[in-house]
Amino acid sequence: MIRPILRLGDTTLQSPAEPVAALTTDIERLLDDMVETMYAAPGVGLAAPQVGVPLRIFVIDLSVGRDAKALITMINPEWVDREGMQLEEEGCLSLPGFNATVPRPARAVVRGMDRQGEMHTVAGTGLLARALQHEMDHLDGKLFVDRLRGIKRDLIVRKVRKLARAGKW
Ligand code: NI
């Protein structure tokens, strides 16, 4: 089932998420829904808080469903390593229509549980490192605008408020 994606302004997006206590059927359904919602958007990553569930879960698929092996599921992920710096444009399904150049690690390594409850480690450079940091940020209640300098952030937040006032957000 495709779930509605929350947008900037919703408090769930701005609060740290809680660890998953057990892999229940509810969690399995949530994972299915998150993947379906990400592909439908379409997007390359989605975190549980974005669909209103304050749990430490994200999915990433840089192939957007074209390659069955490309789907990454992370439950209760932790940082293993981050190094270097890259500057590229990025967006977020919770901020449709907005992009910004965001500093991110050049290489990132994250460890967490997969859907079967097995621990796995994912290491990435370039776009994958960026996606890992972006989704980890969601679990800490941070959006990409929170990584921007004041003026750039304020510009986007002001535009969102204007859209919200016009009933277009
Ligand atoms: Ni996002």
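About the criteria used
Residues numbered from 1 in each chain as written. Predicted model: local features only at pLDDT ≥ 70, side-chain atom pairs only at ≥ 80, totals over all residues. Heavy atoms only, no water. Pairing = 2+ DSSP bridges. Helix = DSSP H or I, 4+ residues; strand = E, 2+ residues; numbered from the N terminus. Axes fitted to C-alpha atoms, helices over the stretch in contact; angles between N-to-C directions. Contact = heavy atoms within 4.5 Å. Donors = N, O, S within 2.8 Å, 3.2 Å for Na, K, Ca; no water. Buried < 20%, exposed > 50% of the residue type's maximum accessible area, 1.4 Å probe, protein only. Salt bridge = Lys/Arg side-chain N within 4 Å of Asp/Glu carboxyl O. Patch = residues over 30% accessible without salt bridge, like charges linked within 9 Å, V, L, I, M, F, W, Y side chains within 5 Å. Areas by Shrake-Rupley, 256 points an atom, 1.4 Å probe, with all protein chains shown as cover.

Draft legend 1. Main features of the sheet that holds strand β3 (residues 72-83). Spatial strand order, β1-β2-β3-β6-β7: 5 strands in an open sheet with antiparallel pairing. Strands with a single pairing partner mark the edges of an open sheet, and in this sheet they are β1 (45-47) and β7 (119-125). On average, each strand axis in the sheet is inclined to that of its neighbour by 35°, with strand direction left out of account. Pairing of strand β6 (residues 107-113) with β7, which is carried by 7 bridges, proceeds in the antiparallel orientation. Note on β7: the bridge partner recorded for A108 is G124. Against the sheet, helix α1 (residues 25-40) engages β1, β2 (57-60) and β3, with an angle of about 40° to β2.

Draft legend 2. Summary view of the coordination of the nickel ion. All of the protein donors around the nickel ion are C92 (SG), H134 (NE2) and H138 (NE2); their distances to the metal are 2.0 to 2.3 Å. Relative accessible area serves as the criterion here: at 9%, C92 is assigned to the buried category. Given a relative accessible area of 1%, H138 falls into the buried group.

Draft legend 3. Region of interest: the pattern of salt bridges. All chains considered together, the criterion is met by 12 salt bridges. A salt bridge links R107 to D81, with the shortest nitrogen-to-oxygen separation between them at 3.2 Å. You can see R107 sitting in strand β6 and its partner D81 sitting in strand β3, a full 26 residues away along the chain. When its relative accessible area of 31% is taken as the criterion, D81 is described as partly exposed. Each of the salt bridges in this network shares a partner with another, and the network as a whole consists of E90, R104, R130, D137 and R147.

Draft legend 4. Looking closely at a nonpolar patch on the surface. Together, V44, L62 and L127 make up an exposed nonpolar region whose accessible area comes to about 220 Å². Looking at the secondary structure, you find V44 in the loop between α1 and β1. Judged by relative accessible area, V44 falls into the partly exposed class, the value being 32%.

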